[in-house]
Amino acid sequence: MATLEDKILGEKLHNYCSSSEGSDNEDLGGEKRGNSAGIETPKVLPDVNKWEGASTNTGPKGVIEDWRKFKQLENEKRAESEKERIELAKKLTMTVQTALDEEKEKSALEDPELAELYNDEFLLKYQKHRIQEMLHQTNLQKKFGNLYFLRDTQEFLNAVDKEEKTVTVVIHIYEEHVEACRTMNQCLKQLSKIYNSVKFCAISASQVGVSRAFKVEGVPALLVYKAGNIIGNFVKLSNEIGNQFEIEDVQGYLVEHGLLEDKSLKPALIRSSNPDDSEDSD
């Protein structure tokens, strides 16, 4: 009887079947047929070490051998593919061109005038020209460039409600005897030169008609309006920036709250094209 090991290894004779029919194995009397000399012909077993593209042994030994040969072929194929990739990369490195260079050559062949558009000097000039056009449109905006002192509540309302909707209006409520208020007025005068499209105003707390407590505890106060709506309300601003502040402190505070443009973020090319900015740098 075959053992379990015989079945797993698949190397015993009983695992291989003859290709002849059963009638060839036995004669009519039930005896085995032989050759003319009466000697039984031996069966030929397959060579388990020969690779023919498919497993010749269904046991673990055959499977392992098949896997080894498969991995060997796979590694050889991968190495060849990597070699071809390296050669292609070297070739492209020597002949590569930027997309702009290709467009220049193509344009030069199709239309010489169009090729001039890809010239770096031309592009720079065109860029400056467009910036000048945009600055011109900006210069058409309403300009102020000064600190306006309002005399009563009606002028206060007119400064807010009757101004163009695109204009930012900054109103300082102050008391003359308060040092921080006097410093704030000086800072706003300088800021009005830098931000000449912003309307800076100032009005005495007594003229506005605010409470006595506000006159003592609320000033200096900055109210910021746009399109008739208040967008910033800063009471007792000296508590935030101190009593000994300068123009940079006020500017930085309003920029931080998004009420003034950050001039430092403007590209150098635009600053050099804007005469107002050149004056500011002085």
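The paragraphs below set out a description of the structure included in this document. On a predicted model such as this, the values are computed, not experimentally measured, just so you know.

## Digging into the overall build of the protein
From N to C terminus, the protein includes 14 helices and 5 strands. Within the protein, contacts between residues separated by at least 24 positions form 60% of all contacts whose residues are at least 6 apart in sequence.

## A few points about the pattern of salt bridges
Using the criterion set out here, one finds 3 salt bridges in the structure. Note that E163 is salt-bridged to K142, the shortest N-O span being 3.1 Å. In this pair, E163 sits in the loop between α7 (153–161) and β2 (168–174) while K142 sits in the loop between α6 (120–139) and β1 (147–149), placing the two residues 21 residues apart along the sequence. According to the relative accessible area criterion, K142 is partly exposed, its value standing at 37%. Residue K199 is joined to E163 by a salt bridge in which the shortest nitrogen-to-oxygen separation is 3.1 Å. Here E163 lies in the loop between α7 and β2 and K199 lies in strand β3 (residues 199–204), a separation of 36 residues in the sequence.

## Some words on unusual backbone geometry
Backbone torsion omega between V219 and P220 reads -5 degrees, so that peptide bond is classified as cis. Although it is not a glycine, A227 sits at a positive phi angle of roughly 55 degrees. Within the secondary structure layout, A227 lies in the loop between β4 (221–226) and β5 (229–234). For A227, a relative accessible area of 42% gives the class partly exposed.

## Some remarks on the nonpolar core
Membership of the largest hydrophobic core comes to 43 residues, with the highest contact counts inside it found for I171, F200 and V250. Elements supplying a minimum of two residues to this core: α7, β2, α8 (179–194), β3, β4 and α12 (247–256). Sort the elements by how many residues they give to this core and α8 lands first, with 7 residues. The residues touching V250, leaving out its near neighbours within four places in the chain, are M184, C187, L188, L191, I241 and F245.

## Regarding the pairing of β5
Bridging between β4 and β5 involves 5 bridges; their strand directions are antiparallel. Looking at β5, one finds that Y225 is bridged to I230. In this antiparallel pair of consecutive strands, β4 and β5, the connection spans 2 residues, and A227 shows a positive phi of 55 degrees.

## Digging into the packing of aromatic side chains
Here the distance between the centres and the angle between the planes together describe a pair of aromatic rings. For the structure on display, the rule yields 4 aromatic pairs. The interplanar angle of 85 degrees and the centroid separation of 6.4 Å between the aromatic rings of F144 and Y148 together place this pair among those described as edge-to-face. According to the relative accessible area criterion, F144 is buried, its value standing at 15%.

## Description of the side chain of K199
Given the relative accessible area of 14%, K199 is considered buried. One polar contact links K199 to E163, side chain to side chain, over a distance of 3.1 Å.

## Side note on the environment of T166
With respect to the element layout, T166 can be found in the loop between α7 and β2. Its relative accessible area of 64% is what places T166 among the exposed residues. Separated by 31 residues in the primary sequence, T166 and S197 have C-alpha atoms spaced 9.5 Å apart.

## So, the environment of I173
Secondary-structure assignment places I173 in strand β2. I173 gets classed as buried once you look at its relative accessible area, which sits at 4%. Contact partners of I173, with chain neighbours within four places excluded, come to I203, A205, F214, V219, P220, A221 and L223.

## So, the side chain of H172
Position of H172 relative to the elements: it lies in strand β2. With residues near it in sequence (within four places) discarded, H172 still touches C181, M184, N185, L188, C201, A202, I203, P220, A221 and L222.

## Thoughts on the sheet that holds β3
Each strand in a sheet pairs with its neighbour through backbone hydrogen bonds, running either in the same direction (parallel) or in the opposite one (antiparallel). If you trace the 5 strands from one edge of the open sheet to the other, you get β1-β3-β2-β4-β5, paired in mixed fashion. Here the strands that pair on one side only, and so sit at the sheet edges, are β1 and β5. Averaged over all pairs of adjacent strands, the angle between strand axes in this sheet comes to 25 degrees, irrespective of strand direction.

## Side note on α8
Between its terminal C-alpha atoms α8 stretches 23 Å, which fits the 22 Å expected from 16 residues at 1.5 Å a residue. Considered for burial, the residues of α8 that qualify are A180, C181, M184, N185, C187, L188, L191, S192 and I194.

The rules behind each value
Residues numbered from 1 in each chain as written. Predicted model: local features only at pLDDT ≥ 70, side-chain atom pairs only at ≥ 80, totals over all residues. Heavy atoms only, no water. Helix = DSSP H or I, 4+ residues; strand = E, 2+ residues; numbered from the N terminus. Contact = heavy atoms within 4.5 Å. Salt bridge = Lys/Arg side-chain N within 4 Å of Asp/Glu carboxyl O. Buried < 20%, exposed > 50% of the residue type's maximum accessible area, 1.4 Å probe, protein only. Core = buried A, V, L, I, M, F, W, Y, C linked by side-chain atoms within 4.5 Å. Pairing = 2+ DSSP bridges. Phe/Tyr/Trp six-rings, centres within 6.5 Å; stacked < 30°, edge-to-face > 60°. Polar contact = N/O pair within 3.5 Å; in protein donor to acceptor, adjacent residues only side chain to side chain. Axes fitted to C-alpha atoms, helices over the stretch in contact; angles between N-to-C directions. Expected span 1.5 Å × (residues − 1).

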